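Analysis of the macromolecular model
Listed below are the residues making up each chain.
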Amino acid sequence: MTSTETTTAPTTRTPAGGGGALADNGARPRVVAQDDNSRYLPDMPIPVIECEGVDIYYGGFRAVHDVSMVYGQNEITAMIGPSGCGKSTVLRCLNRMNDLIPGARVAGRISYRGQDMYGSDVDPIEVRRRIGMVFQKPNPFPKSIYDNIAYGPRVTGMKVESMDDLVEQALRGAALWDEVKDKLKQSAYGLSGGQQQRLCIARTIAVRPEVILMDEPCSALDPIATARIEDLMEDLRKDFTIIIVTHNMQQAARVADRTAFFTAQAAEGTGDRTGQLVEFDLTTKIFSNPADKRTEDYISGRFG
Amino acid sequence: MATIGQIATRPLRAERHGERSFASIAFLVALWLALAFAVLCLVTLLVTSFVDGVQRLDSNLFTQYSSQVRPETGGARAAIWGTLWVIGLTAVLAIPLGIAAAVYLEEFADPTRWYNRLVEVNLQNLAAVPAIVYGMLTAGLALTIGLRRGVVLAGGIALALLILPVIIITTREALRAVPAEIRQGSLALGATRLKTVWKQSLPSAVPGVATGTILALSRALGEAAPLLLLGAVVFVRFDPDGLMSGFTTMPVQIFNWAGQPQVEFRELAAAAIIVLLGMLLLMNAVAIVIRNRYQRRW
Ligand SMILES: Nc1ncnc2c1ncn2[C@@H]1O[C@H](COP(=O)(O)OP(=O)(O)OP(=O)(O)O)[C@@H](O)[C@H]1O
Ligand SMILES: [Mg+2]
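Residues numbered from 1 in each chain as written. Chains lettered and ligands numbered in written order. Predicted model: local features only at pLDDT ≥ 70, side-chain atom pairs only at ≥ 80, totals over all residues. Heavy atoms only, no water.

Moving on, we get to the interface of chain A and chain B. Taken residue by residue, the interface counts 25 residues in chain A and 17 residues in chain B. Taken together, both faces of the contact between chain A and chain B bury some 1800 Å²; the carbon and sulfur share is 67%. Of all residues in chain A, A:Pro142, A:Tyr151 and A:Val155 bury the most surface against chain B, accounting for 28% of the area lost on that side. There are 1 salt bridge connecting chain A and chain B. Counting every contact that joins chain A to chain B gives 2 residue pairs in polar contact (both at pLDDT 80 or more). Where the side of chain A that touches chain B is concerned, the elements lending two or more residues are α3 (124–130), β6 (131–134), α4 (145–155) and α7 (193–206) of chain A. Per-class residue counts for the side of chain A that touches chain B are 13 nonpolar, 7 polar and 5 charged. (Contact = heavy atoms within 4.5 Å. Buried area = accessible area lost by both parts, 1.4 Å probe. Salt bridge = Lys/Arg side-chain N within 4 Å of Asp/Glu carboxyl O. Polar contact = N/O pair within 3.5 Å; in protein donor to acceptor, adjacent residues only side chain to side chain. Helix = DSSP H or I, 4+ residues; strand = E, 2+ residues; numbered from the N terminus. Nonpolar A, V, L, I, M, F, W, Y, C, P; charged D, E, K, R; others polar.)

This is the structure we're talking about:
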């Protein structure tokens, strides 16, 4: 498919490189900010997290160079790009999970609501409490469904009036309550992969963060479970700011308000591949009328 | 060259190669012989001890002290109590220390620091140091701090030092088997590292830690050399009543009895071996129960 075709059909839910196995058949109507103006998006988002000239290193290796972008409040921001371009690296730095990797280092400024997230007086624990994370592979704890949800509030010392209510709320919030309400005391490992992933989302929202980071949350799931998570993200956006890394461009086009396209370029001399941000804009714009030739090549499947 | 059709119509009968070839059968037989040899040795030991010792497996064995003059009614009472004291102290010293050291190394230590790498290398070596060296170390320690050597405290310290590296290594392995995703999930919720260790890593590692620890204690239970070096007394006629009490243990007592010329002592030694084996079996059974119990949780 050429990019010309892409631009002529911006409202379909398979905007780019479509026709593949992952293309949606259009059976599920979905409210996405597109030409029908069903969702108003300001040109400038209300920033929750901001990156300014961010470089990220692993030891001496510079994995990401000069990323500047904002993640808007109650928006879904997608980060796409080829493998190894540093999407996960950037994502992990947004709640200081990258601190856990020995040798990882951030230069530049990442701020949360105006405060420097890497300031010397900042407690990473507090950062992670406000900015939760859902991982690629569902990772429920080896505990009951109930205890999986209750774990976060318990260990963070949250004041909870009724844990039962909080668990129910979180499970409802993750659209899982009806499926598990009769087996809350059973092991979380008895759930399907898609249910486990929604449990992980429920676990994350139970501690009431402001932002939820998701690193390819659907890549281990089948299309039906994926669709459920995407629907869920639409709901969650009302209360949370969501940042998602995905390899699935259709998914980015379906759920994201804004999309950032990253790529990795080999540095001259060393040959090290350093990730960089190519283009960051409204999703409709990225998929219908990208400003950069590399974005266009990537979303039309002509990358590489 | 055979066509696909020819290969497909060939019978599936075993020919010269495959599972029934001479080489694979010979290999299998060799494996069986190795296993049979090990089992045979064990069975011989068990049977001879049992035959020699069964008639002395009476209440005197448990209630009487060892006697130079009347071996036929003497018993291992002091050794049994001494063993309980020394192994109990060993467990109290070695288990918390070993687990704490393993948690530090596995969960907190930065492996790029030279001092952590130094500990790492030495740990492997310490696990291979002969037991008697730990006896000498403890004797030296006792001398320096002015402690009597042949007391429960010294014995417990020597055995704790002996099994500490083993406990650290097995605990680390159990911790390493806990998936990184579990820790990350906990940390991403805003749990501290300490909470993550306490609520996720350690509970998941309990089966491995318990098994490793109890097997290490079993090793300490059967150890005589460091205690002999420390001067565990042999004809003890009292139960230990504290850390500063003199003591003997089962292996030390067996070592001594087995060296006596009278046949009564040799019977006593055989009976004591049966008791010691019983203790070991009991500890291993406890290890298995703990492991199964915690694994069955889910
Ligand atoms: N823990 C780490 N230690 C050292 N280098 C790392 C580490 N994690 C990632 N990198 C390097 O950083 C670069 C970016 O990796 P990252 O995982 O962020 O890419 P990605 O865009 O998420 O790729 P993918 O789409 O395959 O998940 C790669 O060159 C990778 O080798
Ligand atoms: Mg990634």
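Residues and elements named next belong to chain A. Enumeration over the complete set of coordinates arrives at 3 aromatic pairs over all chains. Geometrically, the ring pair formed by Phe261 and Tyr298 is tilted, given 4.9 Å between the ring centres and 35° between the ring planes. Of this pair, Phe261 sits in strand β9 (residues 258–266) while Tyr298 sits in helix α11 (residues 293–299); the two residues are 37 residues apart in sequence, bridging distant segments of the chain. If you follow Arg105 out to its NZ or CZ, it ends over the ring of Tyr57, 4.4 Å from the centre. Residue placement shows Lys185 over the ring face of Tyr146; its charged tip is 4.0 Å from the ring centre. (Phe/Tyr/Trp six-rings, centres within 6.5 Å; stacked < 30°, edge-to-face > 60°. Lys NZ or Arg CZ within 6 Å of the ring centre and 35° of its normal.)

Turning our eyes to something else, we now look at the nonpolar core. Core analysis: the largest hydrophobic core is formed by 53 residues, its most contacted members being B:Ala76, B:Leu159, B:Ile163, B:Met250 and B:Trp257. If you list the elements that add at least two residues to this core, you get α4 (77–108), α6 (131–145), α7 (152–176), α9 (193–221), α10 (225–230), α11 (250–258) and α12 (263–295) of chain B. Ranked by residues supplied to this core, first place goes to α7(B) with 12 residues. Counting 48 residues, the second largest nonpolar core, distinct from the first, contains A:Tyr146, A:Met214, A:Phe240 and A:Ile286. (Core = buried A, V, L, I, M, F, W, Y, C linked by side-chain atoms within 4.5 Å. Buried < 20%, exposed > 50% of the residue type's maximum accessible area, 1.4 Å probe, protein only.)

Tallying each qualifying case throughout the model produces 28 salt bridges over all chains. With its nearest N and O atoms 3.6 Å apart, the salt bridge here joins A:Lys181 to A:Asp178. Across the pair B:Arg113 and B:Asp110 runs a salt bridge whose closest N-O atoms are separated by 3.8 Å. What you see here is one network of salt bridges that share partners, running through B:Glu106, B:Glu120, B:Arg172 and B:Arg176.

The next subject is the side chain of A:Asn139. As for its position among the elements, A:Asn139 is in the loop between β6 and α4. In this structure the side chain of A:Asn139 is engaged in a polar contact, spanning 2.9 Å, whose partner is the backbone oxygen of B:Glu181. When neighbours within four sequence positions are excluded, A:Asn139 is seen to be in contact with A:Cys200, A:Arg203, B:Glu181, B:Ile182 and B:Gly185.

So, about the site of ligand 1. Residue and element names in this part refer to chain A. Near ligand 1 there are 14 residues, and of these Ser83, Lys87, Ser88, Thr89 and His247 occur at the shortest range. A distance of 2.4 Å separates an oxygen atom of ligand 1 from a polar side-chain atom of Ser83. The contact in question runs from an oxygen atom of ligand 1 to an N or O atom on the side chain of His247, over 2.8 Å. Expressed as a share of its isolated accessible area of 630 Å², the protein-covered part of ligand 1 is 66%. Elements that contribute at least two residues to the shell around ligand 1 include exactly β2 (61–72) and α2 (87–93). No other element matches α2, which puts 4 residues into the shell around ligand 1. Grouping the amino acids of the shell around ligand 1 by side-chain chemistry returns 5 nonpolar, 6 polar and 3 charged. (Near = heavy atom within 4 Å. Areas by Shrake-Rupley, 256 points an atom, 1.4 Å probe, with all protein chains shown as cover.)

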